[in-house]
Amino acid sequence: MRQLFAFEIERIKFLTEKSVELCLIEPTETGLEKSIMDATGSVRLYLKDKKIHDFALQSQGQESKIQVASLFIQDNSIVNSIASLYRPKTKKGDPRIWFKGLTSYASPNDILGILAFDSVLYVINITKLDLHSLIQNDRANPLKEIVNTIYNNSNEVSLELLGLLNKIAARGPVPAMLQADTAVGRTLETLLGIDINSSRNPDYKGIELKSFRTRRGNRKNLFAQVPNWSNSKFKSSEEILNEFGYQRGDDFKLYCTVSTTVRNSQGLILKVDGLVRQLIENSNKPNINDFALWSLDFLHKRLLEKHNETFWIAADSIIIDGKEYFQYKKVEHTKKPIVSQFDLLLEQGIITLDHLIKRTPSGGAKEKGPIFKIKPEAVGLLFPPSRVYLLS
């Protein structure tokens, strides 16, 4: 595909802000003459992800061709079309795609967006259509209708949750349900009627909730994940505690932050090995060295599972008659982290790891983490542009 012009990039960004996911394709002059386009890797992946078609399962030849209902979006109308998806018997069966009537809709080297919705493919000429004007226009048009439908569908739960949070904020300061660092989150979950459990799944109908006290400026929790014990020198949190723990009052524990930029007081540091795709925890004790391993690809998966959509909820901590109260003030709404940034932020010490291990009365160990955290000012480096809502 050719390099995108600045105005095309802005139009695609505008669709992304409206929660519209699409893939791009560029018809060439030869392709338009021969009524043929290559289904590039991104097109194949998109169609498979949207459950439209999987080219990998398709046999070669015209007899295996499938057709999908399609529509060309114009300024004030929609034109019916049909998408043909097939693999020819020649040229190793490289996947092909064609839209009936495309020569009347697109010119050579136009950038087209393919949007799958309700099992129909919508084709949007990114190069020729003024997307901003059409979507922001007071008058109805096909593009505005489909984009608004997608946006409302994708934000139905978030709008519902935002309404509940506004009701909680309108109550004023609410008493903490317990006295602990986790009280700000536990209190909010209780008010929302969410059962307190250790599930790895998002908290509210697919949305992860991350609450924090505004005045502390603490790092924000991303997710908890133990090492891959089978590939690590140490095989449990108890072994880590036994080696690096310390006595604090009545507790024997290991509460510490570990980063890639500096060794902590326990002599621990993280290392990112991009060649073998591992995050490694290392000790300066010569008899220990590397002792815990995480697969970077698995950490990416956990990040996507936990933060496909997240509400970061800020609360003021207020002390009244010696008891803590919370006034929930602001929500930052993020979607779909950019996982390729995760490794870089680890290397920069912006994402860190916290051990929270304590000796149990039975002599074992209880691990609340390890918890991967990010500096609050760096959320925008890991997530696309977010929306911020003030609660009232």
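Residues numbered from 1 in each chain as written. Predicted model: local features only at pLDDT ≥ 70, side-chain atom pairs only at ≥ 80, totals over all residues. Heavy atoms only, no water.

Turning next to the pattern of salt bridges. Evaluation of the coordinates by the stated rule reveals 19 salt bridges. Residue Arg213 pairs with Glu324 through a salt bridge whose shortest N-O separation is 2.9 Å. Residue Arg213 is located in strand E9 (residues 208–213), and its partner Glu324 is located in strand E17 (residues 323–335); the two are separated by 111 residues in the primary sequence. Under the relative-accessibility criterion, Glu324 is labelled buried at 9%. The closest approach of N and O atoms between Lys285 and Glu243, which form a salt bridge, is 2.9 Å. Linking Lys285 in the loop between strand E14 (278–283) and strand E15 (290–295) with Glu243 in helix H8 (residues 237–244), this pair joins segments that are 42 residues apart in sequence. One salt-bridge network, held together by shared partners, links Glu208, Lys210 and Lys306. (Salt bridge = Lys/Arg side-chain N within 4 Å of Asp/Glu carboxyl O. Helix = DSSP H or I, 4+ residues; strand = E, 2+ residues; numbered from the N terminus. Buried < 20%, exposed > 50% of the residue type's maximum accessible area, 1.4 Å probe, protein only.)

This part is about the sheet that holds strand E4 (residues 78–86). Here we have seven strands laid out as an open sheet, ordered E1-E6-E7-E3-E4-E5-E2, and mixed in their pairing. Single-partner strands in this sheet number two, and they are strand E1 (23–25) and strand E2 (37–38). Sheet topology places E2 next to strand E5 (residues 96–99); two bridges connect them, and they run antiparallel. From the neighbouring strand, Asp38 faces E5, where its bridge partner is Arg96. Packing of helix H5 (residues 142–154) onto the sheet brings it into contact with strand E3 (66–73), E4, strand E6 (112–117) and strand E7 (120–125), and relative to E6 it is tilted by some 50°. (Pairing = 2+ DSSP bridges. Contact = heavy atoms within 4.5 Å. Axes fitted to C-alpha atoms, helices over the stretch in contact; angles between N-to-C directions.)

The next point concerns the packing of aromatic side chains. Counting across every chain of the model gives 12 aromatic pairs. Where Phe234 meets Phe244, the ring centres are 6.3 Å apart and the plane angle is 45°; that geometry is what we call tilted. Of the two residues, Phe234 is situated in the loop between strand E10 (220–224) and H8 and Phe244 in helix H8; the sequence distance between them amounts to 10 residues. Judged on exposure class, the residue Phe234 and its partner Phe244 are both buried. Between Trp294 and Phe372, the ring centres sit 6.0 Å apart and the planes meet at 85°, which makes this aromatic pair edge-to-face. Of the two residues, Trp294 sits in strand E15 while Phe372 sits in strand E20 (residues 371–374), which places them 78 residues apart along the sequence. According to the relative accessible area criterion, Phe372 is buried, its value standing at 0%. An aromatic cluster is defined as three or more aromatic residues linked by ring pairs; in this entry it consists of Phe223, Trp294, Phe342 and Phe372. Directly above the ring of Tyr151 sits Lys18, whose terminal nitrogen or CZ lies 5.9 Å from the centroid. (Phe/Tyr/Trp six-rings, centres within 6.5 Å; stacked < 30°, edge-to-face > 60°. Lys NZ or Arg CZ within 6 Å of the ring centre and 35° of its normal.)

Once that is clear, we can look at the nonpolar core. Ile97, Phe99 and Leu102 are the most contacted members of the largest nonpolar core, which has 48 residues in total. If near-sequence neighbours (up to four positions away) are discounted, Phe99 is found in contact with Met37, Ser70, Phe72, Ser81, Ile82, Ala83, Ile114, Leu121 and Val123. (Core = buried A, V, L, I, M, F, W, Y, C linked by side-chain atoms within 4.5 Å.)

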